[in-house]
Structures are given as structure tokens and as C-alpha cells.
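Observations on chain architecture
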Amino acid sequence: MTSLLVIIVLVLLAVALWQLTKIFDLTQVGASSDDSQVASDNDNNIQGYILFGFLAFIYIFTIYGLLKWGNLALHTPASEHGLLVDNLMNITWVLIFTVQVITQGLLYWFSFKYKGNKDKKALFFADSNKLEAIWSIIPSVVLACLILYGLYAWNNIMFVDKDEDVIEIELYAQQFKWTARYAGDDNTLGKANVRLIEGVNTLGVDMSDKNSQDDIVVSELHIPKGKKVHFKMRSQDVLHSAYFPHFRAQMNCVPGMVTEFAFVPTYTTAEYRELPFMVEKVAHINKLRAEKSVDLVAKGGTALDPYTFDYLLLCNKICGASHYNMQMKVVVDTPEDYKKWLSEKTTLAQDIKAAAAAEKPAAEGAAPTTDTAAKVIDTVKAVVDTVKAAVAKVAMK
């Protein structure tokens, strides 16, 4: 309601200002005025200085933005290919920034220098081969080099040799959670199909496939440092995007097909937490949370818990109402800790057997109840029959 009143007041204020300008125009009747709609030299000078002011605003705001929010950008990459991605990104934004500074400066400078003047006449020429060559060849060469470097980076990042020693993990996306499936001892993921989803088999794994017997399904992703991990991704419902920001990795998860991505982690979770920039960042976040907690407690709320850094797997596609909450914790362990963690997990086949075993006693427990009910019914029928017979005998006498 308050918002509606504010909008109404703003509309009425705009109407009032419009009416005031009309009244002002009426008061100028008879005064000398230029109604030719042609810009004078004074108008051109004013427009030229306004353009310079806008150019200064662009440059100042750009520099301010870099100083103010530059520290929010991701820092040290946590994967081997991350440096290559960061280099490509840095080259791209430096080129864009340089071109922006030069072209914007030239645009506003020429607009000011060659502004309209009654003593000057505009020079018109149909074409200039030299200028056409300059602004066609230079951007083409720069873009070609950038694209070639991008293709080189992409091929290096995406290449996985079929004989390479990698860890096979499936990432399964659904609204609004992630599930991971490890290939087990044979390092081969079993077949899967959404039509096979039933009970604890929430990923639709084909348990008739021998490669599925040692697959392990978990809700928290663990990967070892220094080992290439090959992710195969599926989606159950809509388009999702598996995004590992600190590993500089992202790949869409498309319903009906399997996509893939691979990378080598270079920092364990514990090591990344100890990096100087991360220690400083966590301390700053916790300072803000402590200040916020004071206000919350004063209002009768609960204080915020301290922040601890963790790698995350996020969804980078707007996949529905709870898209913002679709994330999975990622833990990078030492190879030894990873093996220990994985050895403590049960396989999907064991989980299915355990679930079936849990259902069997329940089914068996229901049978005595049914038998007892049947016996009670038979007893009641016998009593009724006896009473009927007695009544019949009395009636005959």
C-alpha cells in the first residue's frame, strides 16, 4: 500500500511540474525567443562540454569500480587449468578496457572538436580505403588471435585421453539438489536411465549392469588433490549448469544426454583456507556477520554462525524457484584421506539390499495381523451360527 501511495505521489508531482512549464511558457508570450529549432553556436558549445563531462564520468566510474569491487573477483584458482582460464580472461578484459578508453576518448574528442559552427562547413567524402583498412584489419587480427588462444585453451582443458588414469564421477542434477555417483573399484560407471528410478535408486542406475554393482552414491563430493577427475553430468528434469567457481570449471547438464568436464585439483580444502587472501577474506566476512548479529540479537533474533570457507558446486542456470539454494559441498582431500573416506562408503547395491531387507520384516509383521483378523472373523461367524441354531430350536418347540 505504501508503495502504491509513493507511485501516486510521484505521478502527481510529475503532472504538476509539467503544468508549471506550460504556465512558464505562457508568461513568455511577447518576449523574444528563438523557435527555429536550429542549434546555435552556444548550444553546440554546451553540448560539447556536456559530452566531455560524460566522458570524465565514464572514466572515473570505471576506475572507482575497479578499486571498490575489484577485490570481489575470484583470486587464486584451485585447478591446474585455472591459470590458463585466468590468463585468457585477463587478456580479454585488458583488451576491452584499452579499446574502450581509446574509442570513447576519440568519440567524444571528435564530437567536441568538430562541433557545429556557423563559420565552418562540414567536409563530406564518400569513402576512405585507408580508414576502412585500419578499422577492419586491426580488430580482425586481434579477434583472430584471441579466438585462436581461446581454442588452444579449450582443447587443452577439455582433452581427456581414453587411456589416461582418471577418477570417474557422475554429477546428477535435479530440482534443486546435486547427487554424486562414484564408479567404484572398476572405475567404470554403470548404465543409468531415469525410467529406472525407484526407492533408494534415485539416480535410475541399471543394477543389471555388472559395472553398477560397485557404484557409490553420495550427497557430498570428495575429490583427491593432484588427481584428474572426469565428471559425467546428467539432468533429471530441466537444464542445469554444474559450476565450480574456484576450479574454473562449468558445464551444462542437459536432460537426455551426458556432458563431461575434467580437471585436476591443486589445493586441498585445508590448504586453500590457509592462503593469505582467503584468511583475510574470511576475517572480513566474519566481521560483517558479527556486526549484523548484534542487530539481530537486539531485535530478538539469532546470531549468525561464523563463516568457514568451503569449495562449492553451484547451479549456474536459473532452474526454478529454489535455484539459489542448489549447491553441494566439495571437499578436496589428500589422496590418503580420499581413499579412506571412499572406503567407508557403502555401494548402491548394498543400499538397495539393505532397503529390501528393512521392508521384508515389515511385510512379515503385517501377515500375523491379517491372520489374527481372519481368526476373529471366523470365531464371530461360529458364535452367530450357534445363536441362530439355538433360536431356531426354541421356535420349533
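Further up the page is the structure itself.
Residues numbered from 1 in each chain as written. Predicted model: local features only at pLDDT ≥ 70, side-chain atom pairs only at ≥ 80, totals over all residues. Heavy atoms only, no water.

**A word on helix α2 (residues 41-69)**
Look at α2: 42 Å from first C-alpha to last across 29 residues, which is about the 42 Å you get at 1.5 Å a residue. Among the residues making up α2, those that are buried are Asn44, Gly48, Leu55, Ile58 and Gly65. Looking at the buried positions of α2, the neighbouring elements they touch are α3 (82-113). (Helix = DSSP H or I, 4+ residues; strand = E, 2+ residues; numbered from the N terminus. Expected span 1.5 Å × (residues − 1). Buried < 20%, exposed > 50% of the residue type's maximum accessible area, 1.4 Å probe, protein only. Contact = heavy atoms within 4.5 Å.)

**Brief notes about the pairing of strand β10 (residues 327-333)**
In terms of burial, β10 is largely enclosed, as 5 of its 7 residues are buried. As judged from the 4 bridges shared by strand β4 (residues 221-224) and β10, these two strands associate in the parallel manner. In the strand pairing of β10, His222 is matched with Val331. With 4 bridges connecting them, strand β9 (residues 311-315) and β10 associate as antiparallel partners. Opposite Tyr311, over in β10, you have Val330 as the bridge partner. (Pairing = 2+ DSSP bridges.)

**Re the sheet that holds strand β6 (residues 240-244)**
Taken in spatial order, the 5 strands of this open sheet run β4-β10-β9-β6-β7, and their pairing is mixed. In this open sheet, the two edge strands, each paired with only one partner strand, are β4 and β7 (249-253). This sheet shows a mean twist of 25° between the axes of neighbouring strands, independent of strand direction. (Axes fitted to C-alpha atoms, helices over the stretch in contact; angles between N-to-C directions.)

**Remarks on unusual backbone geometry**
Following Gln175, the chain continues into Phe176 via a peptide bond in cis, with omega recorded as -5°. Even without being glycine, Arg248 reaches a positive phi, approximately 55°. Its place among the elements puts Arg248 in the loop between β6 and β7.

**Thoughts on helix α7 (residues 335-343)**
Of the positions making up α7, those classed as buried are Tyr338, Trp341 and Leu342. Within α7, the buried residues cover an arc of 95° as seen down the axis, which keeps them to one side. Counted as exposed and oriented over 90 degrees from the buried face of α7: Glu336, Lys339, Lys340 and Ser343. Elements that come into contact with the buried residues of α7 comprise β1 (167-174), β2 (177-182), β3 (216-218), β4 and β10. (Arc of directions from axis to C-beta.)

**Looking at the pattern of salt bridges**
Enumeration according to the criterion identifies 9 salt bridges in this entry. For Lys228, the salt bridge goes to Glu164, with nearest N and O atoms at 3.3 Å. Of the two residues, Lys228 is situated in the loop between β4 and β5 (229-235) and Glu164 in the loop between α4 (129-158) and β1; the sequence distance between them amounts to 64 residues. Overall, Glu164 belongs to the partly exposed group, its relative accessible area being 30%. With its nearest N and O atoms 2.4 Å apart, the salt bridge here joins Asp165 to Lys227. With Asp165 in the loop between α4 and β1 and Lys227 in the loop between β4 and β5, the pair connects residues that are 62 residues apart, well separated along the chain. Overlapping salt bridges, with partners in common, bring together Glu170, Arg181, Asp215 and Arg234 in one network. (Salt bridge = Lys/Arg side-chain N within 4 Å of Asp/Glu carboxyl O.)

These results come straight from atomic positions and should not be treated as a statement about function.
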